[in-house]
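Next come the chains, spelled out residue by residue.
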Amino acid sequence: MNPSYPFSAVVGLADLKLALVLNAVSSRVGGVLVRGEKGTAKSTVVRALAAQLPQVAVVAGCRFHCDPRAPDPGCPDGPHAPDAAGALRPASLVELPVGASEDRLVGSLDLERALTEGVKAFEPGLLAAAHRGVLYVDEVNLLHDHLVDLLLDAAALGVCYVERETVSIRHAARFLLVGTMNPEEGELRPQLLDRFGLTVEVRATREPDERAEVVRRRFAFDADPEGFAARWAAEEAALAARIARARAVLGSVRLPDSRLRQITAVCAGFEVDGLRADLVTAHAAVAHAAWQGRDVVTREDVRVAARLALPHRRRRDPFDAPGLDERLLDELLDQTEPAVSEDPEGPEDPDDSGGPGSGPHRPEGPDGSGGSSDSSDSSDSSDSSDSGAGDGALDGASGGSGAGGGPQDVAAAGAPFRVPVLKVAGVGAGVAGRRSSGRGRHGRTIGTRVPSGAGPAGIDLPATLLAAAPHQLRRGRRGPGLVLRRDDLREPVREGREGNLVLFVVDASGSMGARRRMTAVKTAVLSLLLDAYQRRDKVGLVVFRGASATVALPPTSSVEAGAARLRALPTGGRTPLAEGLATAADVLRVERLRDPDRRPLLVVVTDGRATSGGDVTRAAAALAGVTSVVVDCESGPVRLGMAHALALRLGARVLPLESLGDLVRDRRKAS
Ligand SMILES: [Zn+2]
């Protein structure tokens, strides 16, 4: 097996490396969520860290990785004898694929064997495999809600519960949880964000020299992995030793009361919910102190911890930019900085003698020599430029796209409001969500059926027994107990809710007129976008104005991206309605190929007037069969009713723009 890329050789990504190291030092930090664009070597760094974790001793033959010194008393492979033989093995790195089933994650009883052969066989899942190692979920934001819940419950409790028709098993499952996500592809639900200890934003460096060094090292590694690893062996050994040393002293690091109060004041200052932020920040600060070789938590430890633990907890609204306001952080730290005399330990550690708030000093690693790349981690992390750059990128996305030809004007959007639920008719088979009716693995059971060739997706016991009952005499049953055959098996048919593709087609032409009108349109679409986010839909945005229609946002799960494009959307020019509809039909055709089970919902936001371009009737015909809604934006005392005419052609429901908010208000009044 090829060696993994050395952790020490990773260029840049200081926050990510530090967050992983803090988790390696203290299991109580609670994992890392890595947010960032594709191609930033996120998974390389995670794999590299796993290779740095100390080996673990396990009971030989135990599939649940029990520690021989303290075996899990409830271990399904146990009970283990006190003198059970142990074996050393590397800490495991288990990858949870996005499409994994519940059985794959938590393990399963082979119910088919149990029923037909009478054998009770439990197959451990990935949570068992990850125990005492790293569980890595690439694209955690695309993981099914139900799996995320199971995963985070196990992560929080350190125990995996498997409750099935006839079996109830529990086993220890403590692991370092690392998730990655590309925010462009959709957000994680806020309550789940909170379950990750730390978050880091990563982006590839824009520094040409650093980029060149990344490529140079990658080339060298790919050409000769062993030789490359050998050249970094000393750095890696020093890093592993430093992690081990930090782990050893972790328990004796002191968190003075004044520092604890500083942590709680900072958390309160950032208006985070609940106490989890305070706990995680405290654990991370202690871990950072241990990593720095200190036995008392300092201001710098609190600052580093807060910067990694708070960004995802202060977010109120999926449209807010990520990141933490570092100026506010420093102000809060200044206000709550204990007087020096209050610290009984005094400036014991030479690293701290620079005094609180001293500049970006470069603390030497506790190992003294050779740890240049380690110690640059920690000094880099106090440099505010990293995350500042991240914020800038997001601002750029939302504000920087006003340029373009023709007469135009960028109207602001108001605060989003709740919108009525728009649904696709019938029952679909799309991914689970919260919009239209759908068949899936996790809904309410509405019936049973004979499993397809792929084997049963769960077993419905009453239906299975009923299927077997009439054949008992013929099968020669004499005593108690049923004689079951494979073809008796019945699986449940479930119905729940599916997510859809909500494609907005927005008229941004001059006919939509005044700035106030466009503000109302943007506010309505923003509200519909927020609703789509909460219902776990994919969203897309087609805009038509001037000479043509453009796909402003290809279908994505990122509502943030949709909101940013919408806010920056300019208005003006003629109204090529037919092009808008034709472009929408193209988008839907491609998406049908890419994601055939996801049913579309078309939301056309327009006053229905077409002042340029092709034949609207023909364009509308290409959208036949698609559930559509026309949001009628016409206003004023004299109305032409053009939106109604368009709705007739599309077979769409019409919602007047101003009713979107009113419907909700009326419903509230009525209840
Ligand atoms: Zn065991």
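Everything below is about the structure printed above this text.
Definitions and limits used
Residues numbered from 1 in each chain as written. Predicted model: local features only at pLDDT ≥ 70, side-chain atom pairs only at ≥ 80, totals over all residues. Heavy atoms only, no water. Pairing = 2+ DSSP bridges. Helix = DSSP H or I, 4+ residues; strand = E, 2+ residues; numbered from the N terminus. Axes fitted to C-alpha atoms, helices over the stretch in contact; angles between N-to-C directions. Contact = heavy atoms within 4.5 Å. 1 Å grid on protein atoms, 1.4 Å probe; cavity = no way out; pocket = protein on both sides within 12 Å on 5 of 7 lines; lining within 4 Å. Points joined across faces, edges and corners; volume = space filled by probe spheres on them. Nonpolar A, V, L, I, M, F, W, Y, C, P; charged D, E, K, R; others polar. Donors = N, O, S within 2.8 Å, 3.2 Å for Na, K, Ca; no water. Tetrahedral: all angles 85-135°; square planar, octahedral: opposite > 155°, others 65-115°. Buried < 20%, exposed > 50% of the residue type's maximum accessible area, 1.4 Å probe, protein only. Core = buried A, V, L, I, M, F, W, Y, C linked by side-chain atoms within 4.5 Å.

Caption draft 1: The arrangement of the sheet that holds strand 10 (residues 176-181) in detail. The strand order across the open sheet built from five strands is 4-7-10-1-11, with neighbouring strands paired in parallel fashion. The outermost strands of the open sheet, each flanked by one partner alone, are strand 4 (93-95) and strand 11 (198-202). The mean inter-strand angle of the sheet, taken between neighbouring strand axes irrespective of direction, is 20°. When strand 1 (residues 32-36) meets strand 10, the two strands line up parallel, connected through four bridges. When the bridges of strand 10 are listed, Val-32 appears paired with Val-178. The strands touched by helix 1 (residues 14-25) are strand 1, strand 10 and strand 11; relative to strand 11, the strand with the most contacts, the crossing angle is about 160°.

Caption draft 2: Seen up close, unusual backbone geometry. Residues other than glycine seldom take positive phi values, yet Leu-13 does so here, at roughly 50°. Topologically, Leu-13 is positioned in the segment before helix 1. Of note, Arg-132 is a non-glycine position whose phi angle comes to about 70°, a positive value. By secondary structure assignment, the location of Arg-132 is in the loop between helix 5 (126-130) and strand 7 (134-137).

Caption draft 3: Representation of the sheet that holds strand 20 (residues 627-632) in the model. Here we have six strands laid out as an open sheet, ordered 17-16-15-19-20-21, and mixed in their pairing. In this open sheet, the two edge strands, each paired with only one partner strand, are strand 17 (548-556) and strand 21 (653-656). The sheet shows a mean angle of 15° between the axes of neighbouring strands, taken without regard to direction. As paired strands, strand 19 (residues 600-606) and strand 20 are joined by six bridges and run parallel to one another. Each residue of the ladder has a partner; that of Val-604, found in strand 20, is Val-630.

Caption draft 4: How the structure looks around empty space enclosed by the protein. All chains considered together, the criterion is met by two cavities of 30 Å³ or more. One number sums up the size of the largest cavity: a volume of about 60 Å³. As for the largest cavity, its lining consists of Leu-501, Leu-588, Glu-591, Arg-592, Asp-595, Arg-598 and Pro-600. Element by element, the count of residues in the lining of the largest cavity is highest for helix 20 (residues 577-594), at three residues. Its residues assigned to classes, the lining of the largest cavity shows three nonpolar, no polar and four charged.

Caption draft 5: View of the coordination of the zinc ion. Looking at the metal site, the zinc ion is ligated by Cys-62 (SG), Cys-66 (SG), Cys-75 (SG) and His-80 (NE2), spaced 2.0 to 2.3 Å from it. Around the zinc ion, the four donor atoms are arranged such that angles at the metal cover 106 to 115°; this shape is classified as tetrahedral. For the zinc ion, the single-chain donor residues occur in sequence as C-x3-C-x8-C-x4-H. Here Cys-62, found in the loop between strand 2 (56-59) and strand 3 (86-89), pairs with His-80, found in the loop between strand 2 and strand 3; they are 18 residues apart in sequence, far enough to count as distant. Both residues of the pair, Cys-62 and His-80, count as buried.

Caption draft 6: Region of interest: the nonpolar core. Core analysis: the biggest nonpolar cluster contains 64 residues, and Leu-20 and Leu-310 have the highest contact counts within it. Looking at this core element by element, the count peaks at 10 residues for helix 12 (residues 276-291). Sequence-distant contacts of Leu-20, that is, excluding residues within four places in its chain, are made with Phe-7, Val-32, Val-45, Val-46, Leu-49 and Val-178.

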